[in-house]
Structures are given as structure tokens and as C-alpha cells.
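Each chain, written out:
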Amino acid sequence: MNTATSAKALEIGTRSPKFKRRSMILTWVLVIVMMVWVLLPLLWAILSTFKTPIEIYRVPIKILPESFDFSNYVRILTDSDFPRYFMNTVMLTVITTVLTVFISMWAAYAFARMRFPLHHMLLLFILVPRLIPRISVVIPLYRMIVQLGLLNTYAALIITYTVTAIPFAVWIMSGVFESIPREIEESAFMDGARLFQTLWRIMLPIAIPGVIAVVIFTVRESWNEFPFVLSFTTSSRLRTLPYQLFLFRDTLGIENWPLINTFAIITVIPILVAYFIFSKHVMTGIVQGAVK
Amino acid sequence: MLNMRKILIWSLIASFAMTGSVVFATGGSEAEAGEDEPVELTVWFGRENFIPDDNFASFRAKYDNIIVNVDVIPLEQALTEASTALSAGKGPDILQTDSRRIPPLVQANLLQEIEAQLALWQKEDPASYNNISSSGWDHATHDGKRYGVAFSAGPFNHVYRLDWLEAAGLDAPTTWEELLDVARALNTDDHIGYSIRGANSTVWFSSHYMAMGGKYDENDVIQLDSEAGIYALGFYQTLVREGLVSPDVLAWGSGDMRAAFITGRAAQAPIGTNIFPSIQEELEYGVQWAAVPPLKREGAEDEYRYASLGWPHVVTSASEDLYEASLVLRYLAEHDNAMSIALRYQPTTIMSVWDDPAYIDVQPWARDFAEPLRNMTRTPPNLYITDMDEIILDALGEVMSDMNADPAEVAARYQLVLNDLF
Amino acid sequence: MKGRTISYNRFRNLVLPYFLVLPSILLVCGVLGYAIVVAFYDSLHDYPMLATTGPFVGFDNYIELFGKAHFQNAIVTTFVFVFGTVIVGMVLSLTLGLTLYNLKKSARIFRSMTLMPYLISGVAAAVIWRFLFNSDAGFVNLVIQTVGGEPVRWLSDKTNALIVVTMANIWKIFPMSTLLILAGLQVIDPDLYDAATIDGASSRQTFVRITLPLIGSYLSTSLIWLTFASFNMFTIIYPLTGGGPVRATEVMALFMYRLAFGSLNFSSSSAVMIMLLALNVGFSVIFIKLFRNRV
């Protein structure tokens, strides 16, 4: 499975029908192997959610559960605190995403369309800080949040989530704006439209795939965020789904993997649904956005 | 169209406002508490499981002038979180920690001793005060002063498959050598002789070491380079060398170790009392499995110690309302509250629970353990506990992964590193 | 009318860009940049346990770290982990990217599925992988035993554990680089391939001469992504192996976490963070330069 073979598979329609069929078979074999690699771990985890905690550890193991038992799902979904953790996560995700898109689209537009002194340096100022490991900014940021009096507040989480999402959003959206032909907005300016109007009514609609890509990735980051919520909040009032997943691991003497996996699967489902609805746009967004 | 523009302008203003709030905001302006206002206390628990079933309902009913906020901060996180929060004046009034980590907290001036409040407690409510075992006080003591109380303290015990031993005509082991013999006899294709975790936590090792007669020096540093230390390292190496433990042992955590015993894949294991209810769900106590305190080492019976870990609630330097804080401790010391935790989690230091028929009914082993649990020794705390743990784990990892390593040589080498900490 | 346009343009050119960029810059630099500055300041001081004040010591923390055997081990482990991920991840990304490109329209569902590992949280991914490679109850050993092989010790063997951790990391982060490459391929004008084939170029030649150079910037972006995501990877390794067995999977990010949250030494942990940042920036610059010259 190396790149040369795939390169061979690349040229469909230019060789003999026999070659074409062979390369098509190779392509399908490759895609199936890759999908097994991508999906197998997930399927294994999903199957485990129907097992009992002890069943997981039994030897020899069985692939299928002894019986399809939904009690883990029932147990988590009927937990009296689950709605609160869920709503916390949803709220933080929505606010973060809206703020990220609104704040970064201006910068993205400027970087895409305008030439100004310090252009590159300012872009680096936005992109480079994103290169540090999230876990490592926790301690310095903790001190800042305490000084701002924001410990144990949604604001602390919204701010930190948003600033970590902005760099990627600026990067993708400025690529998308750049890929839009200049003539379109120039004709709008000729008609006397203001910059804000142009950006909102002309650029943004065309850039929708890029915006959706940004939204999906921001949602993903906020939805799964763990180090910040672990460090900046102590109150169970503010707890999110990933934090609860983490606390779950320690409540039992032996890890209750089925329950943990069930929780993990439940938290992943909303993201996957959102992604599958918009996956076409996400792809287009990356195609346009990643040119830089 | 006009709306659009409005939205846009507002969103830009919002962007700036948010930016401004981050860059320019100054300290929070919380309303200062007036004189007649109720007292507010924040209590951190290290695990959800340490919170009584009552969850302060009766406390709130009794003291309507005290507001209690209950939060769960995982034990692993508590030290870092508490220190940053306390140094900013926003910390909890009471926090729960692993008793081995009391010295760093005291050293950093994050705790305050509450001897005066405890004396008042003894005077006002002697029954509740005297109901706490010595171990409960011991785990919250540093340099002779008490900073709180431990309501939960538990040991690791030796658990074994009674039915398998009987079927094989073996006696229950009383020494570590006998344990090895039993492990050899019961080590088959279907199950291992002894279940231990890898070199990734020191507390099980310390329990073994202390039972083997291991000592700590005046700085509370483990003495690997001693008869007991070398014996303990050699014991772990023998288990791996002879294949008496899982071939995967180095990757095993506590869950793997316990699960192996619970699912009938191990004949013996060192398991905490808190896990006994889970064992009981699968196996019957006194019939299929049995438990005793850790075994003794031949020739070192007199130095034997039954190691315990404790999770005390300690009062922080931020707390101004010490009397109210002591009321929270008294609440946690109540028989019913302590029992609700003991029934599902760690053993309690509230002695009346151990005689409660309702408790013994649910935990049949309680009767056998009530006496030994009164004679536990606190696993020594240390200012440099993490560094010490890492060195011990390095030594343990070496003997468990390299069968040519000489335990005596390893012990001597790492002892020098340990002594260098001080 | 004309006058207004000119002044409007002047305003647009001079002030407006900064005005537009300002919120993002202030937020990112005010928060993340601030954290970096504070960390750098901390790394030049010697703080006692749990403290955030102490004497200035220059680069002593860095020098001291390099002298520690465990840190040297962490550096070596990090590089094996990162380059293993980058090399294998790049091969897989190119393979899957080209394959998906060939499938054209029918690839949509596969394309969507590809991104799934990236969307799930690190803790969840680690949980899943721990399962797969459990010696007793793991799927991989089940398969090996079914086909008649001996069960392999995965997470308890030093080398195998590093391999498993690297594979889990690749699984988690390669979808992103695959999509980046696929994005690059879709931008290439198909006529170029036709022209090359007419000229009689072999498939290998086409790939090396046309495909690779044209997707150069996408390749460098993919490489940067794989590199920095791996250098920073913490959320998979910690729950999967905790750095073990016997420090075999203790990468720098994990080492830093241990210093900060275990040993409570905030100045040395900051020094490790600054080094990670320097490595990330350094490799990003190298990859950008490398591919810019080619294109």
C-alpha cells in the first residue's frame, strides 16, 4: 500500500479497459482497507456498549455481546444531571461558535483582500499561539482567569474556547475569501455598497462552505474540550459532558468500560450528525480554505 | 437591509467589547458580605463517591445561616487547583486530599490547624468526637497538629480464592513465601497465581513493603536499600520471572488487576476494602473467596505494619469561619452519613458503623476486619511525594522488566537518588 | 462622487485592515500570547513547589532539564513518535487521498466517514484503543489467535506500546491531513493529466512531476498539521498508557504535565512548553520553506 500504486490507480480513463478495470479494483480494495482501519475501532467500541462491565474482561472474549442490553444508554440518559451537562455543553458550543465566526471573519477578510504593512507578521501573531499544547497554557491562563475574577464562570470557558478556535477560523476563512473572484465584490463596491454590506450580503453567502467548515471544526473543539473545563471550573453547575466522562472513569473500582464507552458514544453522536448533514460543505470549505 | 447593517455593526461592537473585557478587565467585583449575611462555605470532595447520600440536606435544614457549596475536584487535581485558587483568595474552605500530600499543602501555607476547634467539638459533642478512630485523626495530622479529619481510610488486603485452595488441598498462606508457593500451585493456563498492577502506582508497593517490615527514615523516605526493600523488589521480580502474574503486567492498572480476580482469572490479589462489594457481586465471601490483612515476612513479623491510605478533609488557610467549618466536619462524622459512604465505597473511620448490623449485613467481611482496621498505620506522607514515587516506580519498573537486574544493586542505586531529594 | 471614493479608499487602505484584524489579534495575543509570555517568564525563574514566585535563574531550568535522563528519554520518544506519525500518516493520507479522488462522486460517503476519528474526543479514542490492544480481551489478539498466531503483548512491551500509541495517534489525526491532500488534488486541472498521458509519461512520472509539485502547499500544510498535532498530543497517550510501560511512551507533552501537575514545579514545566513551541514553529518553517522552493 504505497503511494506509487495509488499513483498508478490515478489514471483512469487513459489506458486500456483492462488496465482501467484493474486500477478500479485496486482503488476499491484500498478504500475498503482504509475504511476498516478508520471504522473498526469505533465499531468495536459501539459493540462494547451493549456488554456488561464484567463481560468485557472475560476470556476468551466474544465479538458480539451476550445480549443486546440498552441499560447503559438508559442509565446515562435518565441520570438527573445529564440534561444539565448536555445543556452546558450545547450552550458553550453555540456561543463559542457564533463568536468565533463573527470575530474571525473580519480578520479573515482583511488578510485575504487587503495588503497592509505588517500583514504577514500580524497573521503569524494569530496563527503561532495556536501551536502550543493546550494542556500547557492551563497554568498561566489559570492565574489570568483568577485575576479577572472569572474563575467558575461560563465567561472563562467561552473566552478560552473562542481564542483557541479563532486561529483556525481565520486561516480557513481567509483562504475561502481569497478564492472568491475579486470582480464580484468590486462590482458591488461600484454599485456603492459599503464594505460591511458587501461582506455580509455578497462574500459570506458565497463563502458558506468555508463558514460551515469553520463551524464544524469549532463545534468539534468546544464540544470535546477538556483541559480548560477541568482547570477553570470547580462547580458541578458548569460541568460539561467531557468532564463528566472523565469523572466517570474513577467512580468504580474496575473501569466500567461499557458505561464509559456509552457515554463517549452519546457525546459523539450530536457532532457526527451535524457533520454528516454538512459534510459536503465541509469538504468544499477545506478545498477552498486550505490554499495558503 | 437596514437590519443587516445593524446586526453587522453590533457584532463588530460585540467583538470589541469581548476583546476589551479580556484585555482591560480588572479584578472581579463581588459584593462584600455584610455582617448579618449568612456564612458561605465551599467544600471540595475528591470523588463523587465521598459525598454522603444525604448530600447536606439535613445540614442545611439545621443551620439556615450557613450556605454550603459542594464541588467535586478529583484528588489528582486538588493540589494544583487549590494552590492557585487559594493564592488568589478564591479557594475552598475545606478540601479533600490524599493524606500523603498534606506536607506540600502545609509547606505552602495553604492549610490551618484547627486544634482549638477540635477541642470545642470534643467539649460540645463528645460522643461524635470519640467515635472517630485514631486513624481518622492520624491521616489529618502534620508535625503533631491536626488540620482536619479523615472520614475514610482504607488498606489493601490479601484476597484469595478459597474454593480453589481447598480443591487443591492448600492452606491459606500466612507469609509472602507461602503466597508465592500458592501462586505457583494455582498458576494454570486458565488463571494466574497472583494479580498485581504494573510499575505505575506506588501505593500497592508501599503496602507490600510495610507489611514486609519496611521502614521509612526520619524524612519519611522509603528505605529500598534495606532487607525489606530488597525483599519487596525481589518479590515483584520473582512474580514476573516465574510468570505468576499476567504477561501484560507492566501495562496493568488497578482496574485490570482487580478485574482479573473478580472474573476468575487470578487466584490471589492485593485489593482494597472498597472493592469488596464488587467482588461479592460475582463471588461469595467465605465460600469462594476470602480476605485477610497483608501477610507477614518470615523473620520480620515484629516489624509488620498494616498500611492504610486516607483521604482527610482539611481546613484551608482561606477559611474565616472555623466554627462553621468544624460543623461541616461534624456533619460528615455522623453515623448515617459515614455509613452511606462505607456501604458503597471506602471504609469509614467512624467506629460505630463497624458494629451496625445493617452494615455487617451488607458487608459480611466487616466482622472479620473490624479489629485489624483499628490497627492500621498511615502510609507516610512526604513533601516530595511525587518525586519519591517516580523514583520508586523507576526501580520497580527496572526489576519487573529486566530479569537480570539484581534487586540489591537496584535498591542501592535508587536509594542514592532518593536520599538526594533531601 | 469621485472625491468620496478616493477618501474612502484611503481610509480603507490605511486604517480599516487594522481595525478588522484587531479583535482577533487582541483576543489571541491577549490570551494565548499572554500565556506564552508568562510561561517564558516563568521558565527563566526558579519556583519552589506550588509557588509562582522565585529568583531569576536565566536558562538554568533548560540546562538542568537536558541533564536529566528522563527528559532525554522524553525527547527521543517524542521524536520517534512524531516522525513515525508524520511518515506513516503521510503515506496513509496520500494513499487515501488519491483513492478517494479516484472514486470521484461515489466517494462522498467514504470521505465523510474518513473524518470520524478526528471528530471524537481524545479520551474516547484512547478508551477505544486500549480495548483493541488489550492482551487478554483485545480485538487484535483475538484476530491473531483466530488465524493461529500467538497472542502479542502490546501495551506491556516497551516497543509495541510505542507502536500502538503512534498508531492511535495516526488514526486520530490523519483524517485531517487526508482531507487537506484531497482538497489539493481537487484543485488540479484534469487536463494536465491528459496532456501528460499523451506525452507518454508513466504513472510514476505523472505523480512525481505533476501531482506532487501542484499539491505542494497542501502537502506542507498536512505535514505541519501532523507534526504539531503529534508534538502536542496528550489526550490520547495519557489515558492509553500513562507514559508507560517504564516510560516507554513518555513524550515531552506528558513529561511537562507530570512536572506541572505531579511535581508541582511550574518553572521547569514552562521551560518544556517553550521548547515544544520552538519545535513546532521550527518544523512549520522548515516545511513551508521546503515546499515553497519546489513549487
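All of these numbers come straight from a predicted model, not from anything done at the bench.

Peer 1: Residue-level account of the overall build of chain B, with values.
Peer 2: In terms of helices and strands, chain B carries 20 helices and 10 strands. Principal-axis analysis of the C-alpha atoms gives chain B an extent of 85 × 55 × 50 Å. When contacts within chain B are restricted to residue pairs at least 6 apart in sequence, those whose partners lie at least 24 apart make up 75%. On chain B, roughly 16,500 Å² of surface is accessible, and the fraction owed to carbon and sulfur atoms is 49%. In chain B, the 27 positive side-chain charges and the 63 negative ones have mean positions that sit 3 Å from each other.

Peer 1: I'd like a description of the overall build of chain A, backed by residues and values.
Peer 2: For chain A, the helix and strand inventory stands at 14 helices and 0 strands. Of the regular secondary structure in chain A, the N- to C-terminal order runs α-α-α-α-α-α-α-α-α-α-α-α-α-α. Expressed as a percentage of its 292 residues, the buried residues of chain A come to 60%. Considering only intrachain contacts with a sequence separation of at least 6, the fraction spanning at least 24 residues in chain A is 73%. By element, 69% of the accessible surface of chain A is carried by carbon and sulfur atoms, the whole surface being about 11,200 Å².

Peer 1: Which residues make up the interface of chain C and chain A, and what values do they have?
Peer 2: On the side of chain A, 97 residues touch chain C, which itself brings 102 residues to the contact. The contact between chain C and chain A buries some 9,500 Å² in all, and 79% of this surface belongs to carbon and sulfur atoms. Per-residue buried area on chain C facing chain A is highest for Leu 20, Leu 119 and Phe 131 of chain C; these three make up 8% of the total on that side. On inspection of chain C and its partner chain A, the count reaches 1 salt bridge. Of the charged contacts in the structure, one is a salt bridge between Asp 42 of chain C and Arg 143 of chain A, with a shortest N-O distance of 2.5 Å. Remark: the boundary between chain C and chain A carries 10 residue pairs in polar contact (both at pLDDT 80 or more). Counting residues per element, the side of chain C that touches chain A draws most heavily on helix α2 (residues 16–43) of chain C, which supplies 20 residues. Per-class residue counts for the side of chain C that touches chain A are 69 nonpolar, 23 polar and 10 charged.

Peer 1: So what about the environment of Ile 271 of chain A? Which residues, and what values?
Peer 2: Within the secondary structure layout, Ile 271 of chain A lies in helix α14 (residues 257–289). Between the C-alpha atom of Ile 271 of chain A and that of Gly 285 of chain A, which follows or precedes it by 14 residues, the distance is 17 Å. For Ile 271 of chain A, the residues in contact, after removing those within four places along its chain, are Val 219, Arg 220 and Trp 223 of chain A together with Leu 119 of chain C.

Peer 1: So, the nonpolar core: which residues are in play, and what are the values?
Peer 2: Counting 320 residues, the largest nonpolar core has Phe 177 of chain A together with Phe 205 and Trp 289 of chain B as the members making the most contacts within it. With near-sequence residues (within four places) excluded, Trp 289 of chain B lies in contact with Val 159, Tyr 160, Arg 161, Leu 162, Phe 261, Phe 276, Ile 279, Gln 280, Leu 283, Glu 284 and Trp 365 of chain B.

Peer 1: Could you give an account of the side chain of Ser 48 of chain A, with specific residues and numbers?
Peer 2: Mapped onto the elements, Ser 48 of chain A comes out in helix α2 (residues 17–48). For Ser 48 of chain A, a relative accessible area of 1% gives the class buried. Among the polar contacts made by the side chain of Ser 48 of chain A, one reaches the side chain of Asn 261 of chain A at a distance of 2.7 Å. What Ser 48 of chain A contacts, discounting residues up to four positions off in sequence, is Ile 56, Pro 258 and Asn 261 of chain A together with Phe 131 of chain C.

Peer 1: Let's hear about the packing of aromatic side chains: which residues, and what values?
Peer 2: Counted under the stated rule, the structure contains 59 aromatic pairs over all chains. Relative to Phe 133 of chain C, the ring of Trp 129 of chain C has its centre 5.6 Å away and its plane inclined at 15°; by these criteria the two rings are stacked. Classification of Trp 129 of chain C as buried rests on a relative accessible area of 2%. In this structure Phe 133 of chain C comes out as buried when scored by relative accessible area, which is 4%. Pairwise contacts between aromatic rings join Trp 176, Tyr 194, Phe 205, Tyr 209, Tyr 216, Phe 235 and Tyr 236 of chain B into one cluster.

Peer 1: Kindly report on unusual backbone geometry, identifying the contributing residues and their values.
Peer 2: Its identity is not glycine, yet Leu 118 of chain A carries a phi of approximately 70°, on the positive side. Its place among the elements puts Leu 118 of chain A in the loop between α5 (82–113) and α6 (119–127). Positive phi, normally seen in glycine, also occurs at Asp 220 of chain B, with a value near 60°. Relative to the helices and strands, Asp 220 of chain B resides in the loop between α10 (203–211) and α11 (227–241).

Peer 1: Can you lay out the pairing of strand β9 (residues 306–315) of chain B for me, pointing to particular residues and giving the numbers?
Peer 2: Residue and element names in this part refer to chain B. Where burial is concerned, most of β9 is hidden: 10 out of the 10 residues are buried. Burial along β9 is two-sided: Tyr 306, Ser 308, Gly 310, Pro 312 and Val 314 and Ala 307, Leu 309, Trp 311, His 313 and Val 315, pointing in opposite directions, are all buried. Here strand β3 (residues 94–96) pairs with β9 via 3 bridges, running antiparallel. Within the sheet, the bridge partner assigned to Ile 94 lies in β9 and is Val 315. Across 6 bridges, the pairing between strand β6 (residues 148–161) and β9 is antiparallel. Within the sheet, the bridge partner assigned to Val 149 lies in β9 and is His 313. Sheet topology places β9 next to strand β10 (residues 376–378); 3 bridges connect them, and they run parallel. From the neighbouring strand, Tyr 306 faces β10, where its bridge partner is Met 376.

Peer 1: Let's hear about the pattern of salt bridges: which residues, and what values?
Peer 2: For the structure shown, the criterion picks out 23 salt bridges over all chains. The partner of Glu 242 of chain B in a salt bridge is Arg 184 of chain B, and the shortest N-O contact between them spans 2.5 Å. Residue Glu 242 of chain B is located in the loop between α11 and α12 (254–262), and its partner Arg 184 of chain B is located in helix α9 (residues 176–186); the two are separated by 58 residues in the primary sequence. A salt bridge links Asp 256 of chain B to Arg 130 of chain C; the nearest nitrogen and oxygen atoms lie 3.0 Å apart. One end of the pair, Asp 256 of chain B, is in helix α12; the other, Arg 130 of chain C, is in helix α7 (residues 122–132), on a second chain. On the basis of relative accessibility, which here comes to 9%, the residue Asp 256 of chain B falls in the buried class. The exposure class assigned to Arg 130 of chain C is buried, which follows from its relative accessible area of 17%. It is possible to trace a salt-bridge network through shared partners that takes in Glu 390 and Asp 394 of chain B together with Arg 247, Glu 250 and Arg 258 of chain C.

Peer 1: Hey, could you go over the side chain of Ser 135 of chain B for me, with residue numbers and the actual values?
Peer 2: All names here are of chain B. When you line up the elements, Ser 135 lands in helix α7 (residues 134–138). Ser 135 sits in the buried class, given a relative accessible area of 7%. In contact with Ser 135, other than residues within four places in its own chain, are Ala 153, Ser 308 and Met 376.

Peer 1: Lay out the pairing of strand β7 (residues 268–272) of chain B in plain terms, naming residues and giving numbers.
Peer 2: Taking burial as the measure, the 5 residues of β7 of chain B include 5 buried ones, the bulk of the element. Going residue by residue along β7 of chain B, you find Gln 268, Pro 270 and Gly 272 of chain B tucked away on one face and Ala 269 and Ile 271 of chain B tucked away on the opposite face as well.

Peer 1: Residue-level account of the confidence of the model for chain B, with values.
Peer 2: Averaged over chain B, the pLDDT score is 88; the fraction of residues at 70 or greater is 91%. Low pLDDT (under 50) marks residues 22–34 of chain B, which in the prediction has 16 contacts with non-local residues, meaning those over four places away or in another chain.

Peer 1: Summarise the domain arrangement of chain B; cite the residues concerned and give the values.
Peer 2: Residues and elements named next belong to chain B. Domain annotation of chain B identifies domain 1 (39–153 + 309–378) and domain 2 (154–307 + 382–420). For domain 1 versus domain 2, the separation of C-alpha centres amounts to 29 Å. Counting the surface lost from both domain 1 and domain 2, the interface buries some 2,000 Å², and carbon and sulfur atoms represent 65% of this. Three residues stand out in domain 1 for area buried against domain 2, namely Arg 100, Trp 365 and Phe 369, and they jointly supply 34% of the buried area on that side. Viewed at the interface, domain 2 and domain 1 are joined by 1 salt bridge. Asp 389 is the salt-bridge partner of Arg 100, the closest N and O atoms lying 3.0 Å from each other.

Peer 1: Describe the environment of Ser 217 of chain C, listing the residues and the values that go with them.
Peer 2: For Ser 217 of chain C, the position within the fold is in helix α12 (residues 216–231). On a C-alpha basis, the gap between Ser 217 of chain C and Ile 181 of chain C in space is 9.4 Å, while along the polypeptide they are 36 residues apart.

Peer 1: Go over the domain arrangement of chain A with me, naming the residues and quoting the values.
Peer 2: Residue and element names in this part refer to chain A. Parsing chain A into structural domains produces domain 1 (3–71) and domain 2 (79–289). Contacts between domain 1 and domain 2 engage 10 residues on the former and 8 residues on the latter. For the pair domain 1 and domain 2, the summed buried surface comes to about 710 Å²; carbon and sulfur atoms form 71% of the total. Our count for the contact surface shared by domain 1 and domain 2 stands at 0 salt bridges. The interface formed by domain 1 and domain 2 contains 1 residue pair in polar contact (both at pLDDT 80 or more).

How each quantity is defined
- Residues numbered from 1 in each chain as written.
- Chains lettered and ligands numbered in written order.
- Predicted model: local features only at pLDDT ≥ 70, side-chain atom pairs only at ≥ 80, totals over all residues.
- Heavy atoms only, no water.
- Helix = DSSP H or I, 4+ residues; strand = E, 2+ residues; numbered from the N terminus.
- Contact = heavy atoms within 4.5 Å.
- Areas by Shrake-Rupley, 256 points an atom, 1.4 Å probe, with all protein chains shown as cover.
- Lys, Arg positive; Asp, Glu negative; His and termini not counted.
- Charge placed at Lys NZ, Arg CZ, Asp CG, Glu CD.
- Buried < 20%, exposed > 50% of the residue type's maximum accessible area, 1.4 Å probe, protein only.
- Buried area = accessible area lost by both parts, 1.4 Å probe.
- Salt bridge = Lys/Arg side-chain N within 4 Å of Asp/Glu carboxyl O.
- Polar contact = N/O pair within 3.5 Å; in protein donor to acceptor, adjacent residues only side chain to side chain.
- Nonpolar A, V, L, I, M, F, W, Y, C, P; charged D, E, K, R; others polar.
- Core = buried A, V, L, I, M, F, W, Y, C linked by side-chain atoms within 4.5 Å.
- Phe/Tyr/Trp six-rings, centres within 6.5 Å; stacked < 30°, edge-to-face > 60°.
- Pairing = 2+ DSSP bridges.
- pLDDT = per-residue confidence, 0-100.
- Domains from an automatic or database assignment.

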